[in-house]
Amino acid sequence: MRLFFRALLSILAFVVLGTLIPRPLFTSPEFDQPHTTILVLSNPIHTDIAIPLDGAIRARFGFVEAAGAPIFHPDAAWLILGWGGRSFYLETPNWSDLKPMPVIRALTVDRAVMHVGVARSSLSAAPDVRAIALDAEGYARLLDHIEQSFTRIDGQPIAIPGAGYGQSDAFFEADGWFNALVGCNTWTAAALRAAGVSTGWWTPLPQLLTLSLDLHDREP
């Protein structure tokens, strides 16, 4: 029992330190204009990044259209992207679909996938949405980080046939391996850091990422 409590205290210490210690430790307070606003979408266990759709983004991520994410639809205003574990992501569109094996794989090691979808402009007013302004250089680095997360063959991302939750999303093979300690929320944090946003050192839960952004993020 004593070992259990020591282990529990160690985990809690890592969680606290991972949230309180910023990464990177030092950032420049200066922003170049103009800036682009992205969104971080949160639910109790997962975070996504939403980027505004314009001509340049449609051209850059046009490959998602054929897979089932209609970014050229006139009502599409945001491209939503997230990284996660293959088994849990693909097999659990709703909590009612939860099965033991995806949970086991999420707690151990699983292959990674990218999930992409589109949303209307009203997305920015939804609950659990955080707007973050990026300068031009930071936005470019964010897009590079996201693009590099897709596994490619001969330069082309690899769509997963028949995978998706509805009529406006798709799944792709992704680089990396997923587990509960280095998962979807640490990917979101890494993408934000690539854009110049400070996050906590280790934020495996959406709530910890949100708290770390409250503590460390700076506005232009």
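Draft legend 1. Structural detail: the sheet that holds strand S5 (residues 110-119). Read from one edge of the open sheet, six strands run S6-S2-S3-S4-S5-S9, paired in antiparallel fashion. Among the strands making up the open sheet, the edge pair consists of strand S6 (129-135) and strand S9 (169-178). Taking the axes of each pair of neighbouring strands and ignoring which way they run, one obtains an average angle of 25° across the sheet. In this structure, strand S4 (residues 78-85) lies alongside S5, joined through eight bridges in antiparallel fashion. Each bridged residue has a counterpart across the sheet, and for Leu 79 the counterpart in S5 is Val 118. Sheet strands touched by helix H6 (residues 136-148): strand S2 (35-42), strand S3 (47-52), S4, S5, S6 and S9. Its angle to S6, the strand with the most contacts, is close to 115°.

Draft legend 2. View of the pattern of salt bridges. Tallying each qualifying case throughout the model produces eight salt bridges. In this structure, Arg 152 and Glu 147 form a salt bridge, with 3.6 Å as the shortest nitrogen-oxygen distance. A relative accessible area of 33% means that Arg 152 is categorised as partly exposed. For Glu 147, a relative accessible area of 19% translates into the label buried. Each of the salt bridges in this network shares a partner with another, and the network as a whole consists of Arg 60, Asp 144, Glu 147 and Arg 152.

Draft legend 3. Representation of helix H7 (residues 184-194). Within H7, nine of the eleven residues are buried, which leaves it mostly tucked inside the rest of the structure. Taken together, the buried positions of H7 are occupied by Cys 184, Asn 185, Thr 186, Trp 187, Thr 188, Ala 189, Ala 191, Leu 192 and Arg 193. Among the residues trailing H7, Gly 196 stands out with phi positive, at a value near 95°.

Draft legend 4. The arrangement of the packing of H6 against H7 in detail. For the pair H6 and H7, interaxial distance at closest approach is 7 Å and the crossing angle is 145°. Each of Arg 141, Leu 142, His 145 and Ile 146 in H6 lies in contact with H7, whose residues at this interface are Trp 187, Ala 190, Ala 191, Leu 192 and Ala 194.

Draft legend 5. Representation of the nonpolar core within the structure. Ranked by internal contacts, the top residues of the largest apolar core, which has 37 residues, are Ile 38, Ile 51, Phe 61, Leu 79, Leu 81, Met 114 and Leu 142. Not counting residues up to four positions away in its chain, the partners in contact with Ile 38 are Ile 49, Ala 50, Ile 51, Trp 78, Arg 130, Ala 131, Ile 132, Leu 134, Tyr 139, Leu 142 and Leu 192. Counting residues in hydrophobic clusters, the runner-up holds seven residues, among them Leu 39, Leu 41, Ala 50 and Trp 78.

Draft legend 6. Expanded view of the packing of H7 against helix H8 (residues 206-216). Contact pair H7 / H8: the axes reach a minimum separation of 9 Å and the direction vectors enclose 25°. As judged from the angle between their axes, H7 and H8 are roughly parallel. Remark: the crossing between H7 and H8 carries right-handed chirality. Between H7 and H8, the residues in contact are Asn 185, Thr 188, Ala 189 and Leu 192 and Pro 206, Leu 209 and Leu 213, respectively. Among the residues forming the contact of H7 with H8, the class breakdown is five nonpolar, two polar and no charged.

Draft legend 7. A look at the confidence of the model for the protein chain. For the protein chain, the mean per-residue pLDDT works out to 84, and 79% of the residues sit at or above 70. Per-element confidence in the protein chain is highest for helix H2 (residues 55-60), whose mean pLDDT is 97, and lowest for helix H1 (residues 2-20), whose mean pLDDT is 50.

Draft legend 8. Geometry of H6. For H6, with 13 residues, the first-to-last C-alpha span of 18 Å sits near the 18 Å given by 1.5 Å per residue. Within the sequence span of H6, burial applies to Gly 138, Tyr 139, Leu 142, Leu 143, Ile 146 and Glu 147.

Calculation notes
Residues numbered from 1 in each chain as written. Predicted model: local features only at pLDDT ≥ 70, side-chain atom pairs only at ≥ 80, totals over all residues. Heavy atoms only, no water. Pairing = 2+ DSSP bridges. Helix = DSSP H or I, 4+ residues; strand = E, 2+ residues; numbered from the N terminus. Axes fitted to C-alpha atoms, helices over the stretch in contact; angles between N-to-C directions. Contact = heavy atoms within 4.5 Å. Salt bridge = Lys/Arg side-chain N within 4 Å of Asp/Glu carboxyl O. Buried < 20%, exposed > 50% of the residue type's maximum accessible area, 1.4 Å probe, protein only. Core = buried A, V, L, I, M, F, W, Y, C linked by side-chain atoms within 4.5 Å. Parallel < 35°, antiparallel > 145°, perpendicular 65-115°, else oblique. Left-handed = near helix turned anticlockwise from the far one by under 90°. Nonpolar A, V, L, I, M, F, W, Y, C, P; charged D, E, K, R; others polar. pLDDT = per-residue confidence, 0-100. Expected span 1.5 Å × (residues − 1).

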